[in-house]
Amino acid sequence: MSLPTTANWEVRITGNANNGGGFNNRIPGTSIDYSQQNASQLSKADLACAAGSTTVTSATNGFTPQMVGNYMRIRAGANFTVGFYEIVQFNGVGSIELDRVPVTGIGANGVAEVGGAQIQISAAVVSDFIAGNTIHVKTGTYAAHPNIALTDSGQFTVKAISGYDVVRGDAPIGNNRPLLQLGVNKISYSGVVLNLEIKNLRIESSNTKVIDPINTNFNLFLKNVKITHTAIAGGPLYCLYGSAGGNYTILDCEFSGTAGAISYGINPFGTALTVLNSHFHDLTSGIVLAGGSSGLNVLFCIFNRMAQSAIVGSEMSSCIINNTFANCGRSGFQNVIAGVIGGDLVINNTFSDCITAGMETLSDPFICRNNNFYGCGVPVLSSAFRSLRLCDNNTYVNPQFVAPGSNYALQRTSGLIDRAFSMRLGV
Amino acid sequence: MALSYWTDWEVRTTGNTNNGGGFFNRVPGASIDYSQQNASQLSLTDGACLLASVTLTSVIGGFTAGMIGNLIQIRAGGVNFVAGFYEIVLVNSANSVNLDRTPVAAGNGTGGLGEVGGAIASIETFIINGTHYNTCFVKSGTYTFTAWRSQVGSILRIFGYDISRTVSPTGNNRPLIQLSTFYIQQTASLEFENLRFTGSATQLILGKARGLMATNCTFENTNGAGARYCIYFDATLMGNAPGRSRFLSCEFKGTAGATSYGFKYVGQSQIQTDYAAHIGFIFCFFHDLTYGYQCDQSAYGDSGALFFKCIFARIGGDSIRCSFVVANKYPLVVVFCSFYGATANHLNIGYKCNNLIYGNTFDSAVAFACLDTVTNLFWHIDSNNFWNNGAPVSGCVLGVDNIGLNPLWVNPAGDDFNFGAGSPCIDNAIGTRLGV
């Protein structure tokens, strides 16, 4: 056997690195999750195990039927292999079966904990964090958090890291989300393919790439995650870097940098990227493409306080719909390759106070309709602008944000309310 | 030289096949657009030109300074003249102009026949004569094709209008392109706006390259038998197709009796793995089809697609079908769409991961609203409404905030898919939180 794909891990600042940390509801109605507590349920220092056996015994007893499905972390002992093991069977108060053999010979004086939360997403946890597992991270600040170096998940299975506040699944917002302070560390991936979900977290790091897929085929889903790049100098720095051959889907997230650094929210770098309902601010650029893209969808996002262009790159293939761009040092949208590689679709956006232009492109063809441009150097800067029949139905009015910089909702009198497309059937 | 990048052509039913048909505002303030009229401004019957020269002369004369930038169509009948469209780039006198290139071959030209200005009568003429960045304005009316046509210029724009070039018509005020048994083959970036296409060929548009863009267009294949397509993209042996294609406020419709497709994509090859990836459908209406969108199963390539605020109604198979048999990296992104009636599934997807299915209403799929042909746990199906489907999902898992309530369409039988009063789908939108 091996550790189960259906396990849930528990990480909390009041946990302990020695704890079992995980639970698999192996016998519903009998198994009790002891991972969702600070202290372990059982602490042993006299474990014994015959060579090649999965049976672990204790002369001081203490095992219960309810412990089946809980993880035991063995951390010391003669011939014991340090690691996480699942209790798969209750033999008696002094004997249990594990998911696999925990020894390399005759094991004696084994030291272990059953149940209890882990204290961080440690290398030990990551090494046994397998596809199908979810790591639940309870709210709190995880200072000096180590690297999180992830590996494969398989093609259709997922590894998930999910923050919570009071109870799992409560989807906290703001500062009720757990904060991973990575320092100079990062979240990375290496392997063949990884499907990873990260939800309900705040992540801070000064690493060049906060989330850094070293290999290709990294597929990432971020939801309700705030990533802050904390470096105050240097660059280019990235909250999220792309993985050629992979795809990223991002929902309800926030990306920000720190003054003094050249920092970017996302560099897709060949990744198919969809961003929905997210906020990019205080960055050099929100999304920057170092090379060609494999498709970029940006929907219902806000970009503000950009030192340069909010979205910038070359050879982009973009659908930019219903976004707000404000206070950009250059342009809201900038696609700088000339020639026939076009195809950008920019509709229903608001571009405000972009120094050079709301939209700047040398690509052709593109569709630029139903946007509002206000306070920009020029609305659209393009070599092809003179014939841009597709660049119409745009307006040029004060959007009347409620509080620019902090609230980009529209005031009641804004001319942009209900100005969006409505679809005609039988067009 | 050649025809200018920014030449605007005029097509109208009241035009003439022999007319010049195009205009480039070469000398602003001096050039006068004579293409936006039914008759030519000047009819030339005695054109003369020395071999290899660009100077065209006429003893009868009639050239004016305002003609600079207008196209002259030289037609068959003269000696040594090469029929075609030429731009007047310089007016030397009432009897002499310079063209963008020499109009003669094999000897001195005499007896040249040509028309300066005036609209042409056929879009077909533009498709095979328009050059890079040329735009063709098509005035409201009905145009019937006489043969299948393959695009020649690398970026062409065809725009329908009714009264004014600056106002986009709707409904039947848009020009009607009756393709009959023929079709248009796209070979490079090609843009359509404000047009209606009907026809009974295998497909109306045969896509062969990236960058097909359509806005406010209707595509209806009227053939009631066999496999019929509104748009058929065949990327066989092509690179990068059909990436960067966009469809905004378009309608795709089939005819009962046929196996009909709104958009189908076949022929992927391994080299197309990137720029072929990104197709967008925004505010589009797919209805009375067997398949709204289908991407052929393939060992290579893909068609990552965005569907934003689209409607799929009365689908005889799957609304969106991308049932691949090998892994591919491009997710399906379906947001704020409405699905009403499918005899199979609304989404039939295979071997795609990280699909985002958000804010949609799925109504009345006989089988599943969302089907993955393999068990795939990496979908994100949040904030949708599932109503009256065989089952909401199979092979994938529901996320959070989904509901299962009657969407209360206003009148789906009458194609009114607005949400009626009291609909649970009203205001089911999202708001971006600052400092999320």
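Here the structure is a predicted model, which means the values were calculated and not measured.

### Thoughts on the overall build of chain B
Along its length, chain B carries 1 helix and 40 strands. Taken along the three principal axes of its C-alpha coordinates, chain B extends 80 × 55 × 45 Å. Considering chain B as a whole, with its 436 residues, one finds that 58% of them fall into the buried category. Here the analysis covers contacts within chain B between residues at least 6 apart in sequence; of these, 65% occur between residues at least 24 apart.

### Looking at the sheet that holds strand β2 (residues 22–23) of chain B
Residues and elements named next belong to chain B. Strand order across the open sheet formed by 12 strands is β2-β1-β9-β12-β15-β18-β21-β24-β27-β30-β33-β36, with mixed pairing between neighbours. Two strands close off the open sheet at either side, each with one partner strand: β2 and β36 (379–382). In the sheet, strand β27 (residues 305–308) pairs with strand β30 (residues 332–335) via 4 bridges, with the strands oriented parallel. Counted as the bridge partner of phenylalanine 308 is valine 335 from β30.

### Regarding the domain arrangement of chain B
One frequently used descriptor of interface size is the decrease in accessible area upon assembly of the parts. Residue and element names in this part refer to chain B. With domains assigned, chain B is organised as domain 1 (8–116) and domain 2 (124–419). Each of domain 1 and domain 2 has a C-alpha centre, and the two are 41 Å apart. With 8 residues of domain 1 at the interface, the matching set in domain 2 holds 12 residues. Here the element with the most residues in the side of domain 1 that touches domain 2 is strand β1 (residues 8–11); it accounts for 4 residues. A class-by-class count of the residues in the side of domain 1 that touches domain 2 yields 3 nonpolar, 2 polar and 3 charged.

### Some words on the sheet that holds strand β17 (residues 203–207) of chain B
Residues and elements named next belong to chain B. Reading across from one edge, β11-β14-β17-β20-β23-β26-β29-β32-β35-β38 is the order of the 10 strands in this open sheet, with parallel pairing throughout. Both edges of this open sheet fall to β11 (149–150) and β38 (391–394), since each of them pairs with a single strand only. Direction of pairing for strand β32 (residues 347–352) relative to strand β35 (residues 368–372): parallel, over a ladder of 3 bridges. Bridging across to β35, isoleucine 349 finds its partner in aspartate 372.

### Digging into the interface of chain B and chain A
Facing the 61 residues of chain B at the interface are 55 residues of chain A. Taken together, the residues of the side of chain B that touches chain A break down into 30 nonpolar, 19 polar and 12 charged.

### Observations regarding the confidence of the model for chain B
Residue and element names in this part refer to chain B. On average, residues of chain B carry a pLDDT of 91, and 93% of them reach 70 or more. Contacts from residues 429–433, a stretch scored under 50 in pLDDT, to residues over four places away or in other chains number 9 contacts. Here the complex is predicted with pTM 0.93, and the ipTM for its interfaces comes to 0.92.

### Considerations on the nonpolar core
Within the largest apolar cluster, 219 residues are counted, with the highest numbers of intra-cluster contacts made by Val11, Cys284, Cys310 and Val335 of chain B. Counting residues per element, this core draws most heavily on strand β17 (residues 218–229) of chain A, at 6 residues. What valine 11 of chain B contacts, discounting residues up to four positions off in sequence, is Ala119, Ile120, Ala121, Ser122, Ile123, Phe126, Cys136, Phe137, Val138 and Lys139 of chain B. Judged by nonpolar contacts, the second largest core, of 24 residues, contains Leu56, Met67, Ile68 and Leu99 of chain B.

### With respect to unusual backbone geometry
Here the bond from glycine 235 of chain A into proline 236 of chain A is cis, since omega is 5°, no more than 30 degrees from zero. On the secondary structure map, proline 236 of chain A appears in the loop between β17 and β18 (237–241). Its identity as a non-glycine residue notwithstanding, aspartate 288 of chain B has a phi of 50°, on the positive side. One non-glycine residue, tyrosine 351 of chain B, adopts positive backbone phi at about 60°. Residue tyrosine 351 of chain B is classed as partly exposed on the basis of its C-beta count, with 19 C-beta atoms lying within 10 Å.

### A closer look at the pairing of strand β23 (residues 279–283) of chain A
All names here are of chain A. Across the 5 residues of β23, 4 count as buried, placing the element largely inside the fold. Pairing geometry for strand β20 (residues 254–256) and β23, over 3 bridges, is parallel. Residue pairing across strands places serine 256 opposite histidine 281, the latter belonging to β23. Strand direction decides the pairing type here: β23 and strand β26 (residues 302–306), joined by 4 bridges, are parallel. Counted as the bridge partner of leucine 283 is methionine 306 from β26.

### Examining the pairing of β17 of chain B
Residue and element names in this part refer to chain B. Summarising burial for β17: 4 of the 5 residues are buried, a large majority. In this structure, strand β14 (residues 184–186) lies alongside β17, joined through 3 bridges in parallel fashion. When the sheet's bridge partners are listed, glutamine 185 is paired in β17 with leucine 206. Both β17 and strand β20 (residues 227–234) contribute to a ladder of 4 bridges, which runs parallel. Its bridge partner being in β20, glycine 207 is matched across the sheet by phenylalanine 233.

### Here we look at the environment of phenylalanine 368 of chain B
All names here are of chain B. The residue phenylalanine 368 is located in strand β35 in this model. For phenylalanine 368, a count of 24 C-beta atoms within 10 Å gives the class buried. If near-sequence neighbours (up to four positions away) are discounted, phenylalanine 368 is found in contact with Asn345, Asn389, Gly390, Ala391, Val393 and Ser394.

### Some points on the environment of threonine 230 of chain A
All names here are of chain A. The residue threonine 230 is located in the loop between β17 and β18 in this model. On the basis of neighbour counts, which here come to 19 C-beta atoms within 10 Å, the residue threonine 230 falls in the partly exposed class. Residues threonine 230 and serine 206, spaced 24 residues apart in sequence, show a C-alpha to C-alpha distance of 4.9 Å. The residues touching threonine 230, leaving out its near neighbours within four places in the chain, are Glu204, Ser205, Ser206 and Thr258.

### Remarks on the environment of serine 331 of chain A
All names here are of chain A. Within the secondary structure, serine 331 sits in strand β30 (residues 331–339). By the C-beta count within 10 Å, which is 29 here, serine 331 ends up buried. On a C-alpha basis, the gap between serine 331 and serine 309 in space is 4.4 Å, while along the polypeptide they are 22 residues apart. Excluding its chain neighbours within four sequence positions, the residues that come into contact with serine 331 are Ser309, Cys354, Thr356, Ala357, Gly358, Met359 and Glu360.

Rules behind the numbers
- Residues numbered from 1 in each chain as written.
- Chains lettered and ligands numbered in written order.
- Predicted model: local features only at pLDDT ≥ 70, side-chain atom pairs only at ≥ 80, totals over all residues.
- Helix = DSSP H or I, 4+ residues; strand = E, 2+ residues; numbered from the N terminus.
- Buried ≥ 20, exposed ≤ 12 C-beta atoms within 10 Å, placed from the backbone.
- Contact = placed C-beta atoms within 7 Å.
- Pairing = 2+ DSSP bridges.
- Domains from an automatic or database assignment.
- Nonpolar A, V, L, I, M, F, W, Y, C, P; charged D, E, K, R; others polar.
- pLDDT = per-residue confidence, 0-100.
- Core = buried A, V, L, I, M, F, W, Y, C linked by C-beta atoms within 7 Å.

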